[in-house]
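Coordinate analysis (summary)
Spelled out from the first residue to the last, the chains are:
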Amino acid sequence: MSLSQKIQQPIFWKNVAKVAIPFFIVVTIISLFMNSWRDIFAGNFDLVNQTNFSGGKWKQFWGFKIVLSFLYGIWMTNKKMV
């Protein structure tokens, strides 16, 4: 079955969500720890905010992870679904 046929099935999108949401959470946590682990463990969340989210940085931070998670979910679901 081709991808265009699979995306028409509601179960495909449920499976995409089952893959993409946990992947999004894991990627977000890893990214925050990679960018600001010292500040997180020190409890300096103002600096975490300044480093990752302030001044429009939030768009790039969240946008990349949302798109990556969505594409990964589609890819894995297409690969595993018969």
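Just above, that's the structure.
Below is a short write-up of the structure. In this text the structure is predicted, and so the values were computed from the model without any measurement.

Reading guide: rules and limits
Position labels on residues start from 1 in each chain and follow its written sequence. Restriction of local features to residues with pLDDT of at least 70 applies here, the model being predicted, together with a cutoff of 80 or more for giving and counting side-chain atom pairs; totals for whole chains, interfaces and linings are based on all residues. Values shown for side chains rest on all heavy atoms present in the structure; no hydrogens or waters enter the calculation. A fitted line through C-alpha atoms serves as each axis, taken over the contacting stretch for helices, and the angle formed by two N-to-C directions is quoted from 0 to 180°. Secondary structure elements follow DSSP: runs of H or I no shorter than four residues count as helices, runs of E no shorter than two count as strands, and numbering proceeds from the N terminus. Orientation categories follow fixed angle ranges, with anything under 35 degrees roughly parallel, anything over 145 roughly antiparallel, 65 to 115 roughly perpendicular, and all other angles oblique. By convention the crossing between two helices is left-handed if the near helix lies anticlockwise of the far one by an angle smaller than a right angle, and right-handed if it lies clockwise. The residue classification treats Ala, Val, Leu, Ile, Met, Phe, Trp, Tyr, Cys and Pro as nonpolar and Asp, Glu, Lys and Arg as charged. All others, Gly included, are polar. A pair of aromatic rings is counted whenever rings of Phe, Tyr or Trp (Trp by its six-membered ring) have centres within 6.5 Å, and the orientation is called stacked for planes under 30 degrees apart, edge-to-face for over 60 and tilted otherwise. Three exposure classes are used, based on accessible area relative to the maximum for each residue type with a 1.4 Å probe and protein chains only: buried under 20%, partly exposed in between, and exposed over 50%. Helix span, expected: 1.5 Å multiplied by one less than the number of residues in the helix. Patch criteria: residues need more than 30% relative accessible area and no salt bridge. Like-charged residues are merged within 9 Å; nonpolar side chains of Val, Leu, Ile, Met, Phe, Trp and Tyr are merged within 5 Å. Only the protein chains shown count as cover for residues, and all accessible areas are computed by the Shrake-Rupley method using a 1.4 Å probe. The salt bridge criterion pairs a side-chain nitrogen of Lys or Arg with a carboxyl oxygen of Asp or Glu, the two atoms within 4 Å. By the convention used here, residues are in contact when the closest approach between their heavy atoms is within 4.5 Å.

**Observations regarding the packing of helix 2 (residues 10-42) against helix 4 (residues 57-80)**
The N-to-C vectors of helix 2 and helix 4 enclose an angle of 140 degrees; their axes lie 7 Å apart at closest approach. Considering their axes alone, helix 2 and helix 4 lie oblique with respect to each other. The interaxial crossing formed by helix 2 with helix 4 has right-handed handedness. Considered class by class, the residues forming the contact of helix 2 with helix 4 number 17 nonpolar, eight polar and one charged.

**Topic: the packing of aromatic side chains**
Counted according to the given criterion, the structure contains nine aromatic pairs. Both rings, one in Phe33 and one in Phe41, keep their centres 5.7 Å apart while their planes meet at 15 degrees; by these two values the pair is stacked. Judged by its relative accessible area of 35%, Phe33 falls in the partly exposed class. The interplanar angle of 50 degrees and the centroid separation of 6.1 Å between the aromatic rings of Tyr72 and Trp75 together place this pair among those described as tilted. Of this pair, Tyr72 and Trp75 both sit in helix 4, separated by three residues, roughly a single helical turn. We classify Tyr72 as partly exposed; its relative accessible area is 28%.

**Side note on helix 4**
Here helix 4 spans 35 Å end to end across 24 residues, near enough to the 34 Å set by a 1.5 Å rise per residue. Every buried residue belonging to helix 4 is among Phe61, Lys65, Ser69, Gly73, Ile74, Met76 and Thr77, and all of these are buried.

**Focus on a nonpolar patch on the surface**
Side chains of Leu3, Ile7, Trp13, Val67, Phe70 and Leu71 sit close together on the surface and give an oily, nonpolar patch of about 530 Å² of accessible area. Looking at the nonpolar patch element by element, the count peaks at three residues for helix 4. Assignment of secondary structure puts Val67 in helix 4.

**So, the packing of helix 3 (residues 45-52) against helix 4**
Contact geometry of helix 3 with helix 4 gives a least axis separation of 7 Å together with a crossing angle of 80 degrees. Between helix 3 and helix 4, the crossing angle belongs to the class labelled roughly perpendicular. Contacts between helix 3 and helix 4 involve Gln50, Thr51 and Asn52 from the former and Lys57, Trp58 and Phe61 from the latter. Of the residues contributing to the contact of helix 3 with helix 4, the split by class is two nonpolar, three polar and one charged.

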